[in-house]
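Residues per chain, in single letters:
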Amino acid sequence: MSTTETILATAKKTLLSESKSIENLVNYLDEDFAKSVTEIYNTKGRLVVTGIGKSALIAQKIVATLNSTGTPSLFLHAAEAVHGDLGMVRPEDIVICISKSGNSPEIKVLAPLLKRFGNTLIGMTADKNSFLGKESHYILHAFVESEACPNNLAPTNSTTAQLVLGDALAVCLMELRQFKSEDFAVYHPGGALGKKLLLRVKDMLDTTHAPRVAPDASIKKVIMEISEKRLGVTAVIENDHVIGIITDGDIRRMLNNSDTFTDLTAKDIMTKHPKHISSSLLVSEALNILENNAITQLVVIDDQAYKGILHLHDILKEGIV
């Protein structure tokens, strides 16, 4: 086989090996898993996840997932725990200790200490008969037949199994907490997802430079207002109410249809009954209105009062799309 074919064959073999290991985990889910979820859900403390080596890296990812889905968690490196960091653990905390073999020297020191402190210890290991397996109150059985590594040495299938079990824990806890997308956004306010679920039109609307002209404004005045405010549109205001809008497109159509516009005013070329929204609307909902109507601007009106113009470009700048 060519080099490319060899590489792809190895990659496919690795993926199939790991997917098979994940599929087999279903056979090892038992009452201990359910009890672990229940204990974590009911605890007044936090969930501490610890490990050594590659398992420590998996522990950090599990902690990140749990924190973002409503389960207060922290990472404790097993090697550092016995050199002072064990002070992070409170009596009411639950500890998940991750170790494929369950017999690492650090684990053999740490597990008895945690039990002595009265913490509930959950062991995530491939060997239920290991030191960790015997010391744990509950076992999350992360058994794999072998690693995807050709030498059966590098943690591959085993760390994937640990990661997937952590995800299963997180999803079960989310369902118990009835964790919704709005809750998720609270923990992700700075990202695109948080903005999509939290950001409202009023949070990004420039009310101090809202384009506006009177119905009898000249076309020159209309063009100047559109150009100055750089939104490609202006509202036409009469008695503090929006009676229409004029867009760049309206100006172009007027120029195509008229030889002169000296006698025309804003009300002659405006579009009546423009699409409008409230400033309390979510920006993501406003985006749907823009897309469904194939337009780029929306008039913002609160209690019949004109507030400004929301432009598609403003939404794109926020990274919501």
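Throughout what follows, the structure given in this document is the object of discussion. Values in this document were obtained by computation on a predicted structure and should not be read as measured data. (Residues numbered from 1 in each chain as written. Predicted model: local features only at pLDDT ≥ 70, side-chain atom pairs only at ≥ 80, totals over all residues. Heavy atoms only, no water.)

Quick word on the overall build of the protein chain
Under the convention used in this document: To qualify as a helix, a DSSP run of H or I must reach at least 4 residues; to qualify as a strand, a run of E must reach at least 2; elements of each kind are numbered from the N terminus. It is over C-alpha atoms that the radius of gyration is taken, and the globule rule equals 2.2 Å times the number of residues to the power 0.38. Exposure classes here rest on a 1.4 Å probe applied to the protein chains alone. A residue is buried below 20% of its type maximum, exposed above 50%, and partly exposed in between. Any two residues whose heavy atoms approach within 4.5 Å at even a single point are treated as in contact. In this count, Lys and Arg are taken as positive residues and Asp and Glu as negative ones, while His and the chain termini are left out. For the purpose of locating charges, the reference atoms are NZ of Lys, CZ of Arg, CG of Asp and CD of Glu.
A count of helical and extended segments in the protein chain gives 15 helices and 12 strands. Taking 2.2 N^0.38 as the reference for a compact globule, 321 residues should give roughly 20 Å; the C-alpha atoms of the protein chain span a radius of gyration of 30 Å, well beyond that estimate. Based on the C-alpha atoms only, the size of the protein chain along its principal axes is roughly 95 × 60 × 35 Å. Within the protein chain, buried positions represent 43% of all 321 residues. Considering only residue pairs separated by 6 or more positions, the protein chain has 62% of its internal contacts joining residues 24 or more positions apart. Of the charged side chains in the protein chain, 33 are positive and 38 negative, and the gap between their average positions amounts to 2 Å.

Focus: the environment of Ser 280
Condition: We define a polar contact as two N or O atoms separated by no more than 3.5 Å, with the added condition that, inside protein, one atom must be a possible hydrogen donor and the other a possible acceptor, whereas residues neighbouring each other in sequence contribute only through side-chain atom pairs.
Relative to the elements of secondary structure, Ser 280 occurs in the loop between strand 10 (276-277) and helix 14 (283-293). Taking C-alpha positions, Ser 280 is 42 Å from Ala 34, a pair spaced 246 residues apart along the chain. Among the polar contacts listed, one links the side chain of Ser 280 to the side chain of Ser 278, at a separation of 2.9 Å.

A few points about the packing of aromatic side chains
Rule in force here: In this scheme Phe, Tyr and Trp rings, the latter by its six-membered ring, pair at centre separations within 6.5 Å, and the angle between planes marks the pair as stacked below 30 degrees, edge-to-face above 60, and tilted otherwise.
With the rule as written, the count across this model stands at one aromatic pair. Each ring, one from Tyr 28 and one from Phe 143, has its centre 5.5 Å from the other, and the planes form 70 degrees; the classification is edge-to-face. Here Phe 143 lies in the loop between strand 5 (138-141) and helix 7 (157-176) and Tyr 28 lies in the loop between helix 1 (3-25) and helix 2 (31-42), a separation of 115 residues in the sequence.

Observations regarding the sheet that holds strand 6 (residues 212-213)
To keep things clear, this is the line we draw: DSSP calls a pair of strands paired once it identifies at least 2 bridges connecting them. All axes here are fitted lines through C-alpha atoms, helices being fitted over the stretch that makes contact, and every angle between N-to-C directions spans 0 to 180 degrees.
The mixed open sheet is built from four strands, whose spatial order is 6-7-8-9. For this open sheet the edge positions go to strand 6 and strand 9 (271-272), each flanked by a neighbour on one side alone. Where helix 12 (residues 248-257) meets the sheet, it contacts strand 8 (241-247) and strand 9, and its direction lies at approximately 65 degrees from that of strand 8.

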